[in-house]
Amino acid sequence: MNEKKRYSYGAIALSAVVLVLITLDMVGDYREGVVWTHLFVELLILVVSLAGLVYFGRLYYQSAQSKIHLLEQNLASATQQAQQWREANRELIAGLAAQIQKQFDGWRLTPAEAEVGFLILKGLSHTEIASLRNASERTIRDQARAIYRKSGTAGRSELSAFFLEDLLLPRQEQQTNQNMRH
């Protein structure tokens, strides 16, 4: 938790405690018949603590709203960048999807296994895939195991690496290409 947030929580908690204690003291003083001037001073303290509670609560709310707004902007920007990337690479993506399907056919995956395979490659969890396909998580797990067995991979990471390995340049070529750009 950052320091500003901790101070806001502390200020809100302190204002709430003062509010409760002053209220209890005022009720007790009123029952005991304490003079009105004393009750008036305590009422002022009560109002100040209530104002503090409202003030610090509002500061915290505004800070939270500001963070939410910034996150929404970042998400919108990332979504836009991803969409631009997809549009710029639409043909490559379609070709990659076709090649992945061709490999799935070579491994003799069933249509259901192939669909699960694509969703695994997209990074979805078994739970998310089960929800999308209206299937049980156990069914998805069984299909994933069949995919790994038929492909000769040990799991999700190796399956992804199988397709990504040839797409990415070897480290030396990446450095050479970067040096050429600069």
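A quick note: this is a predicted structure, and the numbers were derived from the prediction, not measured.

(A) Structural context of the layout of surface pockets. Quantified by volume, the largest pocket comes out at close to 530 Å³. As for the largest pocket, its lining consists of 15 residues, and the residues nearest its centre are I93, L96, I100, L121 and K122. Counting only elements with at least two residues in the lining of the largest pocket, the list comes to α2 (36-88), α3 (90-106), α4 (111-121) and α7 (156-164). Of the residues assigned to the lining of the largest pocket, the class counts are eleven nonpolar, two polar and two charged.

(B) Representation of the side chain of S49. Here S49 lies in helix α2. There is a polar contact of 2.9 Å between the side chain of S49 and the backbone oxygen of L46.

(C) Structural view of unusual backbone geometry. Of note, the phi angle at R108 is positive, near 60 degrees, even though the residue is not glycine. As for its placement among the helices and strands, R108 is situated in the loop between α3 and α4. Its relative accessible area of 68% is what places R108 among the exposed residues. Despite not being glycine, N134 has its phi angle at roughly 55 degrees, a positive value. Position of N134 among the secondary structure elements: in the loop between α5 (126-133) and α6 (137-151).

Here is what the cut-offs are and how they apply
All residue numbers refer to positions counted from 1 along the written sequence of the respective chain. Predicted model: local features are reported for residues with pLDDT of at least 70 only, side-chain atom pairs are reported and counted for 80 or more only, and whole-chain, interface and lining totals are derived from all residues. For side-chain calculations, the full set of non-hydrogen atoms in the structure is used, while hydrogens and water are omitted. Cavities and pockets were defined on a 1 Å grid built over protein atoms only: a cavity is a set of grid points that admits a 1.4 Å probe from which the probe cannot escape, a pocket is an open set flanked by protein on both sides within 12 Å along at least five of seven lines, and lining residues are those with an atom within 4 Å of any such point. Grid points are joined across faces, edges and corners, and a volume is the space filled by probe spheres set on the points. In DSSP terms, a helix is any run of H or I states spanning at least four residues, a strand is any run of E spanning at least two, and both are numbered starting from the N terminus. Just so you know the grouping, Ala, Val, Leu, Ile, Met, Phe, Trp, Tyr, Cys and Pro go in nonpolar, Asp, Glu, Lys and Arg go in charged, and all remaining residues, Gly too, go in polar. Counting of polar contacts relies on pairs of N or O atoms within 3.5 Å, with two restrictions inside protein: one atom must be capable of donating a hydrogen and the other of accepting it, and residues adjacent in sequence are counted only when both atoms are side-chain atoms. Only protein chains enter the calculation, and the probe is 1.4 Å; a residue is then buried if its accessible area is under 20% of its type maximum, exposed if over 50%, and partly exposed in between.

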